[in-house]
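What follows is each chain in one-letter form.
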Amino acid sequence: MEPQGPSRRALFRGQLLSRPVALIGDACLAEAGIVCRSCGDACPASAIRFRPRIGLPPQAIVNEAVCTGCGECVDACPGATITLGAAHGGDAA
Ligand code: SF4
Ligand code: SF4
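Residues numbered from 1 in each chain as written. Chains lettered and ligands numbered in written order. Predicted model: local features only at pLDDT ≥ 70, side-chain atom pairs only at ≥ 80, totals over all residues. Heavy atoms only, no water.

Engineer: Explain the pairing of strand β2 (residues 48–51) to me, using residue names and the numbers behind them.
Structural biologist: A one-sided burial pattern is seen for β2, the buried positions being I48 and F50 and the unburied ones R49 and R51. Two elements, β2 and strand β3 (residues 59–62), share 4 bridges in a ladder whose sense is antiparallel. In the strand pairing of β3, I48 is matched with V62. (Buried < 20%, exposed > 50% of the residue type's maximum accessible area, 1.4 Å probe, protein only. Helix = DSSP H or I, 4+ residues; strand = E, 2+ residues; numbered from the N terminus. Pairing = 2+ DSSP bridges.)

Below, the structure written as structure tokens:
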């Protein structure tokens with residue numbers, strides 16, 4: 001009998017977890033009440049969406065399954081709060 005390797009799902013998840021994705025930090029201008037969509041505008045993969053909130057500007061959310069780790073959003077962020085790092089393993093889509 002052939003040895004059982006990791007499932008395709010596990011391999012895909014492993015790929016997701018091992019490649020860098022955009023991580024949005026606490027200094028996002030939206031948290032200070034300033035409307036900003038620069039990261040979303042800069043993303044060639046359309047991996048950043050903006051979740052509406054009551055009382056604060058929309059919150060930038062990275063879809064880790066779509067983010068390619070290109071870093072365009074890092075340079076575009078006026079709050080200098082985006083870094084590239086290991087995926088959380090979640091999909092915020
Ligand atoms: S790293 Fe690239 S693909 Fe990922 S969110 Fe930023 S701009 Fe989009
Ligand atoms: S570009 Fe930076 S400051 Fe602007 S919404 Fe994105 S993470 Fe927040």
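Engineer: Go over the site of ligand 2 with me, naming the residues and quoting the values.
Structural biologist: Close contacts around ligand 2 come from I24, C28, L29, C36, S38, C39, C77, P78, T81 and I82, and that covers them all. When atoms are counted within 2 Å of each cavity's grid points, the one that captures over half of ligand 2 is the largest cavity. Of the residues assigned to the shell around ligand 2, the class counts are 8 nonpolar, 2 polar and no charged. (Near = heavy atom within 4 Å. 1 Å grid on protein atoms, 1.4 Å probe; cavity = no way out; pocket = protein on both sides within 12 Å on 5 of 7 lines; lining within 4 Å. Sits in = over half its atoms within 2 Å of the grid points. Nonpolar A, V, L, I, M, F, W, Y, C, P; charged D, E, K, R; others polar.)

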